[in-house]
There are 2 protein chains.
Amino acid sequence: MPEQKVELVVIGDELLAGALKDANASWLADRLLSIGISVLRVTFASDDFKELKEILDQALARTGFVISCGGLGPTADDCTRAVAADLFDRELYTNKRLLNLLAERCKKLGRRFDRIARTQAQVPRGAALLANPAGAAPGIVLKDESRTLILLPGVPGQMQAITQTALIEYLKENFTLSVSHILLLRTVGAVETELAQRIRPVLARFPDLKVAYLPKSGGVDLRIQAPSERKKSQALKEFSRILEDDLYTVGREDLSLVVGRMLLNRGQSVAVAESCTGGMLAARLVDVAGSSRYFLGGVVSYSNRAKQELLGVASGVLELHGAVSSQVAKAMAEGVRERLNSTCGIGITGIAGPGGATRTKPVGLVYIALASQDSVRIKRFVFPGDRSSIRQRSVIAALDLLRRNLM
Amino acid sequence: MPEQKVELVVIGDELLAGALKDANASWLADRLLSIGISVLRVTFASDDFKELKEILDQALARTGFVISCGGLGPTADDCTRAVAADLFDRELYTNKRLLNLLAERCKKLGRRFDRIARTQAQVPRGAALLANPAGAAPGIVLKDESRTLILLPGVPGQMQAITQTALIEYLKENFTLSVSHILLLRTVGAVETELAQRIRPVLARFPDLKVAYLPKSGGVDLRIQAPSERKKSQALKEFSRILEDDLYTVGREDLSLVVGRMLLNRGQSVAVAESCTGGMLAARLVDVAGSSRYFLGGVVSYSNRAKQELLGVASGVLELHGAVSSQVAKAMAEGVRERLNSTCGIGITGIAGPGGATRTKPVGLVYIALASQDSVRIKRFVFPGDRSSIRQRSVIAALDLLRRNLM
């Protein structure tokens, strides 16, 4: 069975003016691929009626199936509904059920249901609607003998909510999809070229696996496409064996979520003391809802005074070894662990740049210490990249050090 | 003079698979607009030769001017150079000067200059090259009577480096550009609809100004296009008057940079105590290189123990008012200010959700306190949105409270 193809059209003048970054195309492409629909092309289109009509028309002629995001708002510059009606030669009418829903929604939010708000109840005749659990504009499906056009709102939260609740289901029911056998393996600890070398023998034995390397700052995701569920299981087994401890999860979970669950399962807790990362590690841990069950708190000891006052780092250690040293990282980890009474304490100190380097301490030099009940592990890194990249890599390295310690 | 138009083509299978997010299109569109070139359309294209050729061919036919990003690497799936040569009916040849440059570069990095690396010296005959200060692949310019095609690498750092050093200059020399009179005004404190209402009278008097509202989490940027430099100056004057203290900068500067400079100029310093934001405010302050001159450190007091142990918040205050209360925010701000001996102390406590709400304390409730030498200001917010959005808005609100206090 041939793979189902789709084109995406992302609508909005502000995208073309570089004033907004699109996050919808990649999110949607990823979700569609997971149900066996691959994206052939993505076009960013302006709000201009004529221009948008041409783009949608050509995309429909090429693939017969287009999903658009954006231009479903109530204001005059949102013309996607009208363009779609025109392309399918349907008239726009006021959908009574939708009108009632919108009126109710306005009442609940205490907003006026005026003439402008009412325009959102206008849909092309014969369209199917996909309920929007997160906002006003529903998804709209238009079909004829050879073409399917699905309109989604451009607000990411609403687009995602419609996709997850109604669109995926609709697509599975209305298209004959070849199941996609995709495996997402998330790793940390080895760089892309290293992974490629380790994986080569597996790919030689399983030449029908397709592997994509997706480097993130501080880790590499592997996306593996297998031709069947059986091959997918085989691939998982083989790759797990080869990636060993560098594989931290199968699927979408974030490293901080994985580490948090490990802490929880082992009845452990963590506190952090950060210098160059300046709170990024703490923020990453708190990203996970419910993290208060294992994350006790942290100190951003950006100044020497903070290191002494809040963590009890001895001034002698600071003077003798300098703020960026394995000794200070150790004292930070131990200090925060003791003060917050956590089972694990992490200390990070380093030079994120662009300034601050010395002859012996280059930009990118970072010490990370992990203190637990009866031991302290300290690792030294020299990370490449700019200030932001060095700090992000430090956060990942610290989470990974904790993960390996919990294994 | 009519505005110069361009189409962008962003190349890479991983973009279409949703595995990578594109950041090049918006960055490039923004820079091009600032020199008077507006982007008419953006297409994400696959690495497939035939598909890419069709996309570039059609884009060139529509606007006569296309810039592409991606597909200039040395491996077999990178075919942009070959497609471009084919479209302009030129052969690919090995450019000796480029070959020498690449060989030198490899030597410097200690890499092997093998057959694969050599392919990057292949360029279409008659092409002009734009030097790449950050990597191997130069930008490539192909021209005939009616068409200009510019190929840039897809690695964001390299694309940006070429654009800033060589491309902008090339474009200014080779195109007749109408100067673009764009004003970026960044505001915090008023929502989009509120700003629109305040601005309406100005737009009535200056109907040739084009205004775009760009809501960021916690603030709104206004992008104003004026027809002339004189009108742009007038607009700046009018908008400054109307936006008052909500306008925090003209241009691209981040709020944390603006606040940092204010602290520096006034010889002041800040320390922060964060609960629900969990280190995000500290991390945002540390984003700015050189922030150690005014940011002394912070405490992430995610647990009550951390609030007591690291900040000296009295257990009685926690018991009586609860961790999310104006009293605790105040005690946190005062505690961190005192411990780190800073002139300003900020305390943030709130409920970021999804759990943790009570009958009287909803998700989104956040207290922010600012302690200075002789006073404490406390603000209460109920922010909309999800966990991430509530935390980001809290950070912006805290920075803004500090900014207004410093004015």
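Residues numbered from 1 in each chain as written. Chains lettered and ligands numbered in written order. Predicted model: local features only at pLDDT ≥ 70, side-chain atom pairs only at ≥ 80, totals over all residues.

### Regarding the overall build of chain A
- Within chain A, the regular secondary structure consists of 15 helices and 17 strands.
- Projected onto its principal axes, the C-alpha positions of chain A cover 80 × 60 × 40 Å.
- The proportion of buried residues among the 407 residues of chain A is 43%.
- Across chain A, every contact between residues at least 6 apart in sequence was considered, and the portion connecting residues at least 24 apart equals 67%. (Helix = DSSP H or I, 4+ residues; strand = E, 2+ residues; numbered from the N terminus. Buried ≥ 20, exposed ≤ 12 C-beta atoms within 10 Å, placed from the backbone. Contact = placed C-beta atoms within 7 Å.)

### A closer look at the sheet that holds strand 7 (residues 139-143) of chain B
- Taken in spatial order, the twelve strands make up an open sheet running 6(A)-7(A)-8(A)-3(A)-1(A)-2(A)-2(B)-1(B)-3(B)-8(B)-7(B)-6(B), and their pairing is mixed. Of all the strands in the sheet, just strand 6 (128-130) of chain A together with strand 6 (128-130) of chain B have a single pairing partner and so form its edges. When strand polarity is set aside, the average angle formed by the axes of neighbouring strands in this sheet is 20°.
- Looking at chain direction, strand 7 of chain B and strand 8 (residues 148-152) of chain B are connected through four bridges and run antiparallel. (Pairing = 2+ DSSP bridges. Axes fitted to C-alpha atoms, helices over the stretch in contact; angles between N-to-C directions.)

### A short note on the nonpolar core
- One finds Ile346(A) and Ile346(B) to be the most contacted residues of the largest nonpolar core, which totals 114 residues.
- Filtering out sequence-adjacent residues up to four positions away, Ile346(A) remains in contact with Val270(A), Val272(A), Ala273(A), Leu281(A), Ala333(A), Ile368(A), Leu370(A), Ala398(A) and Leu402(A).
- Membership of the second largest hydrophobic core comes to 98 residues, among which are Val9(A), Leu16(A), Leu56(A) and Ala29(B). (Core = buried A, V, L, I, M, F, W, Y, C linked by C-beta atoms within 7 Å.)

### Let's talk about the relation of the copies chain A and chain B
- Of the transformation placing chain A onto chain B, the axial shift is 0.3 Å and the rotation is 180°, giving an RMSD of 0.4 Å. Such a turn and shift between the copies fits a two-fold axis. (Least-squares fit on C-alpha atoms with pLDDT ≥ 70 in both.)

### So, helix 9 (residues 229-243) of chain A
- Under the 1.5 Å per step criterion, the end-to-end length of helix 9 of chain A is 21 Å for 15 residues, consistent within 8% with the ideal 21 Å.
- Directly after helix 9 of chain A, the chain includes Glu244(A), whose backbone phi takes a positive value near 50°. (Expected span 1.5 Å × (residues − 1).)

### Overview of the packing of helix 8 (residues 192-205) of chain B against helix 9 (residues 229-243) of chain B
Residue and element names in this part refer to chain B.
- Closest axis-to-axis distance for the helix 8/helix 9 pair is 10 Å, and the angle between their directions is 150°. With respect to helix 9, the element helix 8 is oriented roughly antiparallel. In this structure, helix 8 meets helix 9 at a crossing whose hand is right-handed. Residues Arg 198, Ile 199 and Val 202 of helix 8 form the contact with helix 9, whose own contacting residues are Glu 238, Phe 239 and Ile 242.
- Of the residues belonging to the contact of helix 8 with helix 9, the class tally is four nonpolar, no polar and two charged. (Parallel < 35°, antiparallel > 145°, perpendicular 65-115°, else oblique. Left-handed = near helix turned anticlockwise from the far one by under 90°. Nonpolar A, V, L, I, M, F, W, Y, C, P; charged D, E, K, R; others polar.)

### Here's the deal with the interface of chain A and chain B
- Listed per partner, the contact involves 52 residues of chain A and 53 residues of chain B.
- Of all elements in the fold, only helix 1 (13-16), helix 2 (24-34), strand 2 (37-45), strand 10 (210-216), helix 11 (280-286), strand 14 (295-300), helix 12 (304-311) and helix 14 (326-340) of chain A reach the threshold of two or more residues within the side of chain A that touches chain B.
- With seven residues, helix 2 of chain A is the single largest residue contributor to the side of chain A that touches chain B.
- Partitioned by chemical class, the residues of the side of chain A that touches chain B number 30 nonpolar, 13 polar and nine charged.
- Sheet topology places strand 2 of chain A next to strand 2 (residues 37-45) of chain B; three bridges connect them, and they run antiparallel.

### A word on the domain arrangement of chain A
- Domain annotation for chain A reports domain 1 (4-174), domain 2 (181-250) and domain 3 (255-406).
- Distance from the C-alpha centre of domain 1 of chain A to the C-alpha centre of domain 2 of chain A: 35 Å. (Domains from an automatic or database assignment.)

### Side note on the packing of helix 2 (residues 24-34) of chain B against helix 7 (residues 156-174) of chain B
Residue and element names in this part refer to chain B.
- For the pair helix 2 and helix 7, the least separation of the axes is 11 Å and the interaxial angle reads 10°. Put simply, helix 2 runs roughly parallel to helix 7. Two secondary-structure elements touch here, helix 2 through Asn 24, Trp 27, Leu 28 and Arg 31 and helix 7 through Pro 156, Met 159, Gln 160 and Thr 163.
- Considered class by class, the residues forming the contact of helix 2 with helix 7 number four nonpolar, three polar and one charged.

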